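Summary of structural features
Next come the chains, spelled out residue by residue.
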Amino acid sequence: MIDFLEWAGSLSGLLGAFLLATHTRVSRYGWLAFLAANLAMIGFAFGIGRYGLLVQQLGFMATSLLGIHRAGFALPFARSRG
C-alpha cells in the first residue's frame, strides 16, 4: 500500500503540474490532480513516519483547496458571498 501511495502521489502531482502548465480550458483540473497527490502523499508520509513531509503536504493541500475554489469548483464547506 505504501508503494501505491508513493506512486499515485508522484504521478498525480506530475499530472497536476502538466495540466496547469498547458494553460488551456482543462487546466483547472490540475488542482484536482494536486489534491489527489496531496492526499496520497499524506497517507504515504504518515505510513512511513515522516512528519515533516506530512506537514508539508498538509500545507500544499491548503493551497490546492484554494486553487480548486478559485478555479470555480464548488467546495462543500465554502459559502458563497453575495
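Just above, that's the structure.
Residues numbered from 1 in each chain as written. Predicted model: local features only at pLDDT ≥ 70, side-chain atom pairs only at ≥ 80, totals over all residues. Heavy atoms only, no water.

Points about unusual backbone geometry
Positive phi is not limited to glycine here, since His-23 has a value of about 50°. In this structure, His-23 sits in the loop between helix 1 (2-22) and helix 2 (29-48). With a relative accessible area of 72%, His-23 lands in the exposed category. (Helix = DSSP H or I, 4+ residues; strand = E, 2+ residues; numbered from the N terminus. Buried < 20%, exposed > 50% of the residue type's maximum accessible area, 1.4 Å probe, protein only.)

What about the packing of aromatic side chains?
What the rule picks out here adds up to two aromatic pairs. When the centroid spacing of 5.4 Å and the interplanar angle of 65° are considered together, the rings of Tyr-29 and Phe-73 count as edge-to-face. Taken as a pair, Tyr-29 in helix 2 and Phe-73 in the segment after helix 3 (51-70) lie far apart in primary sequence, 44 residues in all. Overall, Tyr-29 belongs to the partly exposed group, its relative accessible area being 38%. It is Arg-28 that lies over the ring of Tyr-29; its NZ or CZ is 5.3 Å from the centre. In this arrangement the basic side chain of Arg-28 is found over the ring face of Phe-73, its NZ or CZ atom lying 4.0 Å from the centre. (Phe/Tyr/Trp six-rings, centres within 6.5 Å; stacked < 30°, edge-to-face > 60°. Lys NZ or Arg CZ within 6 Å of the ring centre and 35° of its normal.)

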